[in-house]
Amino acid sequence: MAATATAVTTTAVRYYSVAPGVRLNVRRGPGTNYALVRVLPEGAKIPIYCQTPGTTVTGPYGTSNIWDNIDDGEYVSDAYVNTGSDGYVRLRCSF
């Protein structure tokens, strides 16, 4: 299940900071029920290519069901990413 954003090639990719002191789980899909792919180290900065709804998670930046696609088949909960917004900051992922 690969996600793509249609305007990624025309929109500059911005990097966002993971919450301080957090080692963030990266999942195969947009939810806590998906397999763990890897763990990001403290102080990580991540690209967000697209975003999609998934499991609701509570983290340092509130409660959210938004999941950020950071690589092909890799997602993190937006509740742990400092995007400066409680809503979507990138295009929705298309599957």
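Definitions and limits used
- Residues numbered from 1 in each chain as written.
- Predicted model: local features only at pLDDT ≥ 70, side-chain atom pairs only at ≥ 80, totals over all residues.
- Heavy atoms only, no water.
- Helix = DSSP H or I, 4+ residues; strand = E, 2+ residues; numbered from the N terminus.
- Contact = heavy atoms within 4.5 Å.
- Pairing = 2+ DSSP bridges.
- pLDDT = per-residue confidence, 0-100.
- Buried < 20%, exposed > 50% of the residue type's maximum accessible area, 1.4 Å probe, protein only.
- Lys, Arg positive; Asp, Glu negative; His and termini not counted.
- Salt bridge = Lys/Arg side-chain N within 4 Å of Asp/Glu carboxyl O.

**Structural notes on the environment of arginine 92**
When you line up the elements, arginine 92 lands in the segment after strand 8 (81-82). Aside from chain neighbours lying at most four places away, what touches arginine 92 is Cys50, Gln51 and Pro53.

**Some details on the sheet that holds strand 8**
Ordered in space as 4-1-8, the three strands form an open sheet in which the pairing is antiparallel. Edge positions in the sheet fall to strand 4 (45-47) and strand 8, since each has one partner strand and no second. Examined bridge by bridge, strand 1 (residues 15-18) and strand 4 share three bridges and lie antiparallel to one another. Counterpart to serine 17 in the pairing with strand 4 is lysine 45.

**A word on the confidence of the model for the protein**
Detailed reading of predicted coordinates is not advised where the pLDDT is low. Averaged over every residue, the pLDDT of the protein is 91; residues scoring 70 or more account for 88%. The low-confidence segment residues 4-9 (pLDDT under 50) makes nine contacts with residues lying over four places distant or belonging to another chain.

**Looking at the pairing of strand 5 (residues 50-59)**
Across seven bridges, strand 5 lies against strand 6 (residues 62-71) in antiparallel orientation. Opposite valine 57, over in strand 6, you have serine 64 as the bridge partner. Linkage of strand 5 to strand 6, two consecutive antiparallel strands, is achieved through a turn of two residues.

**With respect to the side chain of arginine 27**
Tracing the backbone shows arginine 27 in strand 2 (residues 25-27). The buried charged residue arginine 27 lacks any salt bridge, with glutamate 74 as its nearest oppositely charged partner at 12 Å. When neighbours within four sequence positions are excluded, arginine 27 is seen to be in contact with Thr32, Tyr34, Ala35, Leu36, Val37, Trp67, Gly73, Glu74 and Tyr75.

**Examining the pattern of salt bridges**
A complete count under the given rule lists one salt bridge for this structure. A salt bridge links glutamate 74 to arginine 38, with the nearest nitrogen and oxygen atoms 2.6 Å apart. With glutamate 74 in strand 7 (residues 74-77) and arginine 38 in strand 3 (residues 36-39), this residue pair connects regions lying 36 residues apart in the sequence.

**Section: the side chain of serine 64**
Residue position: serine 64 is located in strand 6. With a relative accessible area of 10%, serine 64 lands in the buried category. Filtering out sequence-adjacent residues up to four positions away, serine 64 remains in contact with Thr55, Thr56, Val57, Asp78 and Ala79.

**Some details on the pairing of strand 7**
Of the two faces of strand 7, the one carrying Glu74 and Val76 and the one carrying Tyr75 and Ser77 are both buried. Here strand 6 pairs with strand 7 via four bridges, running antiparallel. Looking across to strand 7, one finds that aspartate 68 is bridged to valine 76. Hairpin remark: strand 6 followed by strand 7, antiparallel, with two residues in the connecting loop; positive phi at glycine 73, about 70 degrees.

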